[in-house]
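# Breakdown of the fold
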Amino acid sequence: MVGAGRRDAERRPATGTGTDALGDPGAGRPMDPVVVAREICLRQLATRARSRAELATTLRRRGVADDVAATVLDRLAAVGLVDDAAFAAAFVSSARSQRGLGRQALAAELRRRGVQPAMVEAATAVVAAQDEEATARDLVRRRLRSMDRLPEQARARRLLAMLMRRGYPPELAIRVVREQASADTDDGEPPPATWDGGDLDPSG
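## A word on the overall build of the chain
When its secondary structure is counted, the chain shows 10 helices and zero strands. In sequence order, the secondary structure elements of the chain are arranged as α-α-α-α-α-α-α-α-α-α. When each of the 204 residues of the chain is scored for burial, the buried share is 35%. The contacts of the chain with a sequence gap of at least 6 include a subset with a gap of at least 24, amounting to 56%. Summed over its atoms, the accessible surface of the chain is roughly 12,100 Å², and 52% of this surface lies on carbon and sulfur atoms.

In structure tokens form, the structure reads like this:
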């Protein structure tokens, strides 16, 4: 299977012999591990931007020695191909626009990718509170369009669960759900008094 073959190749140790299509006499000689590691990184970066920690993990999985990996990653950083600050900023912009993630989820995903705490904080600090709230409202408005047939309480719980999964603080999520659900009613009356934090618990 093609997929299995690709996975096997990714797991294969980063050692090998020099070859070329013309049968160069040098074929069969061990390849420079730095060259091998650099090629692995460049192939990874060709598919999407990656953090230094992600690349280091891939190199380790491919059997590249830690000192060789550090040398290659330092060189790539020197020429700007590995830049965790730029990676974090681009990730925040993309994940907000495409997935509607809140600051908590953005920070968690960056940490999972090995970005240092100071860079995570700097990247997520650009998301203003009012912008985060506006994004949450937009998410709720769009989701409400497909929830007309649901009971009001079920609708509220699902909306709240959606916002919390995407990294919005509980207080903000509850407020936005209440406001948007109220605006969605025909008479504009506030939602029932039973809509408190307990009733909107997504685990309920």
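## Considering the pattern of salt bridges
Enumeration according to the criterion identifies 12 salt bridges in this entry. One salt bridge in this structure joins Arg48 and Glu54, with 3.0 Å as the shortest N-O distance. The partner of Glu109 in a salt bridge is Arg112, with the nearest N and O atoms 3.9 Å apart. Here the residue Glu109 and the residue Arg112 both occupy positions in helix H6 (residues 103–112), the gap between them amounting to three residues, near one helical turn. Looking at Glu109, the relative accessible area reads 15%, which means it is buried. Given the relative accessible area of 61%, Arg112 is considered exposed. Through salt bridges with shared partners, one network takes in Arg48, Glu54, Arg99, Glu109, Arg112 and Arg113.

## Here's the deal with the confidence of the model for the chain
Taken as a whole, the chain shows an average pLDDT of 82; of its residues, 75% reach a score of 70 or greater. Confidence drops under a pLDDT of 50 for residues 17–26, and excluding neighbours within four residues, the segment shows 10 contacts in the predicted structure. Below a pLDDT of 50 lies the segment residues 186–199, which in the model reaches 20 contacts outside its immediate sequence neighbourhood of four places, other chains included.

## What about the side chain of Glu132?
Locating Glu132 in the fold gives a position in helix H8 (residues 129–144). Sequence-distant contacts of Glu132, defined by excluding residues within four places in its chain, comprise Arg96, Gly102, Arg103, Val127, Gly167, Tyr168, Pro169 and Leu172.

## Focus on helix H7 (residues 117–124)
Buried residues of H7: Val120, Ala123 and Thr124, and no others. Buried residues in H7, looked at end-on, bunch into an arc of 90°, giving them a common side. Opposite its buried face, H7 presents the exposed residues Ala118 and Glu121, each directed more than 90 degrees away. Elements in contact with the buried residues of H7: helix H5 (84–99) and H6.

## Some points on the packing of H5 against H7
At a minimum axis separation of 9 Å, H5 and H7 run at an interaxial angle of 40°. Between H5 and H7, the interaxial angle falls into the category oblique. As for the relative orientation of H5 and H7, their crossing is right-handed in sense. Where H5 approaches H7, its residues Asp84, Ala85, Ala88, Ala89 and Val92 are matched on the opposing element by Met119, Ala123 and Thr124.

## With respect to the nonpolar core
Cys41, Leu59, Val64 and Val72 are the most contacted members of the largest nonpolar core, which has 16 residues in total. Mapped by element, the contributors of at least two residues to this core are helix H2 (33–47), helix H3 (52–61) and helix H4 (66–78). Here the element with the most residues in this core is H2; it accounts for six residues. The contact partners of Leu59, leaving out residues within four places of it in the chain, are Ala37, Ile40, Cys41, Val64, Ala69 and Leu73. Listed in part, the 15 residues of the second largest apolar core include Val140, Leu144, Leu172 and Val177.

## Concerning the side chain of Thr58
Position of Thr58 relative to the elements: it lies in helix H3. You can call Thr58 buried: its relative accessible area is 8%. Each residue touching Thr58, except ones within four places of it in the same chain, is listed here: Ile40 and Gln44.

Cut-offs used in this document
- Every chain is numbered independently, its residues counted from 1 as its sequence is written.
- Predicted model: local features are reported for residues with pLDDT of at least 70 only, side-chain atom pairs are reported and counted for 80 or more only, and whole-chain, interface and lining totals are derived from all residues.
- Computation of side-chain values covers all heavy atoms of the structure but excludes hydrogens and water.
- The way it works is that DSSP assigns letters per residue, a run of H or I at least four long becomes a helix, a run of E at least two long becomes a strand, and they are numbered from the N terminus.
- Three labels apply to residues, based on accessible area from a 1.4 Å probe with only protein chains included: buried if under 20% of the type maximum, exposed if over 50%, partly exposed otherwise in between.
- Any two residues whose heavy atoms approach within 4.5 Å at even a single point are treated as in contact.
- Method for areas: the Shrake-Rupley scheme with a 1.4 Å probe, in which residue coverage is limited to the protein chains shown.
- When a carboxyl oxygen of Asp or Glu is within 4 Å of a side-chain nitrogen of Lys or Arg, the pair counts as a salt bridge.
- What pLDDT conveys is the predictor's confidence in a given residue, as a value from 0 to 100.
- What the arc describes is the spread of directions from the helix axis to the C-beta atoms.
- Axis lines are fitted through C-alpha atoms, for helices just across the contact stretch, and the angle between N-to-C directions can take any value from 0 to 180 degrees.
- In what follows, roughly perpendicular refers to angles from 65 to 115 degrees, roughly parallel to angles under 35, roughly antiparallel to angles over 145, and oblique to any angle outside these ranges.
- By definition, any crossing whose near helix is turned counterclockwise from its far helix by less than a right angle is left-handed, and any crossing with a clockwise turn is right-handed.
- For our purposes a nonpolar core is just a set of buried Ala, Val, Leu, Ile, Met, Phe, Trp, Tyr and Cys residues, chained together by side-chain atoms within 4.5 Å.

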